[in-house]
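# Fold and contact review
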Amino acid sequence: MSLHDDAVLVLKGYEGQEELRQTYLDHLATHPDGMWKACGDGHITASALVIDPSRGRVLLTLHKKLRMWLQMGGHCEPGDATVAAAALREATEESGIEGLTLLTGGPVRLDRHAIPAPCHWHLDVQYAVVAPPGAVQTISDESLDLRWFAYDEVADVADESVVRLLEATRARL
């Protein structure tokens, strides 16, 4: 199965955000290249919120280009077998934490956001991953900083999309 086919199946099975979910499905139906950065009309991205439920905290990255505190994530790559695998890969690469595990139940949220040209949109499929006990993060080249925040601190440092992702993740826990 192709990554494109996996994304369609994941989105068809996703419950909630019906209008946005349909926007993603319509995009994939009209863009065979809709999984890739080269698709100028927008493309699917995969992200994951790294959580440590036992300590009530999340790991956020200070994005190098955007200079915003965000969850880990980015573009799908040809070697990604599934959208979930892409999100897990991105979370592992950007956090430096080995042994992350996907929170069960598939994507936690969808978030469509405008990005600078030449592309127009990121259609982000957002997951959550649980950090193993004693996890130690390592800053990647894509980050200016990497820091754990208590659940109640996230709204003070991150935008609404991250706050909504955290709320949905906590509801799933």
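Read on for an overview of the structure.

### With respect to the overall build of the protein chain
Each helix and strand counted, the protein chain has 5 helices and 8 strands in total. Over its C-alpha trace the protein chain gives a radius of gyration of 15 Å, about what one expects of a compact globule, namely 16 Å for 173 residues. Counting only C-alpha atoms, the protein chain reaches 45 × 30 × 30 Å along its principal axes. Sorting the 173 residues of the protein chain into buried and exposed places 49% on the buried side.

### Examining the packing of helix H1 (residues 3–13) against helix H2 (residues 18–30)
Working note: a packed helix pair is described by the angle between its axes plus the distance between those axes. Interhelical geometry of H1 versus H2 gives an angle of 155° and a closest axis separation of 10 Å. Compared by their axis directions, H1 and H2 come out roughly antiparallel. For the crossing formed where H1 meets H2, the hand is left-handed. Residues His4, Ala7, Val8, Leu11 and Lys12 of H1 touch H2, and the partners they reach there are Arg21, Tyr24, Leu25 and Leu28. In terms of residue class, the contact of H1 with H2 is made up of 6 nonpolar, 1 polar and 2 charged.

### Some details on H1
For H1, the complete set of buried residues consists of Leu3, His4, Asp6, Ala7, Val8 and Leu11. Packing partners of the buried residues in H1 comprise H2, helix H3 (83–95), strand E6 (109–114) and strand E7 (121–130).

### Focus: the packing of aromatic side chains
Within the structure shown, the criterion is met by 1 aromatic pair. Between Trp69 and Phe149, the aromatic rings sit 5.0 Å apart at their centres with planes inclined by 75°, giving edge-to-face as the arrangement. Within this pair, whereas Trp69 is found in strand E3 (residues 69–70), its partner Phe149 is found in strand E8 (residues 143–150), the two being separated by 80 residues in sequence. The exposure classification of Trp69 matches that of Phe149, with both residues buried. Above the ring of Trp148, the side-chain terminus of Arg57 is found at 4.0 Å from the ring centroid. It is Arg112 that lies over the ring of Trp121; its NZ or CZ is 3.6 Å from the centre.

Basis of the calculations
Residues numbered from 1 in each chain as written. Predicted model: local features only at pLDDT ≥ 70, side-chain atom pairs only at ≥ 80, totals over all residues. Heavy atoms only, no water. Helix = DSSP H or I, 4+ residues; strand = E, 2+ residues; numbered from the N terminus. Rg over C-alpha atoms; globule rule 2.2 N^0.38 Å. Buried < 20%, exposed > 50% of the residue type's maximum accessible area, 1.4 Å probe, protein only. Axes fitted to C-alpha atoms, helices over the stretch in contact; angles between N-to-C directions. Parallel < 35°, antiparallel > 145°, perpendicular 65-115°, else oblique. Left-handed = near helix turned anticlockwise from the far one by under 90°. Contact = heavy atoms within 4.5 Å. Nonpolar A, V, L, I, M, F, W, Y, C, P; charged D, E, K, R; others polar. Phe/Tyr/Trp six-rings, centres within 6.5 Å; stacked < 30°, edge-to-face > 60°. Lys NZ or Arg CZ within 6 Å of the ring centre and 35° of its normal.

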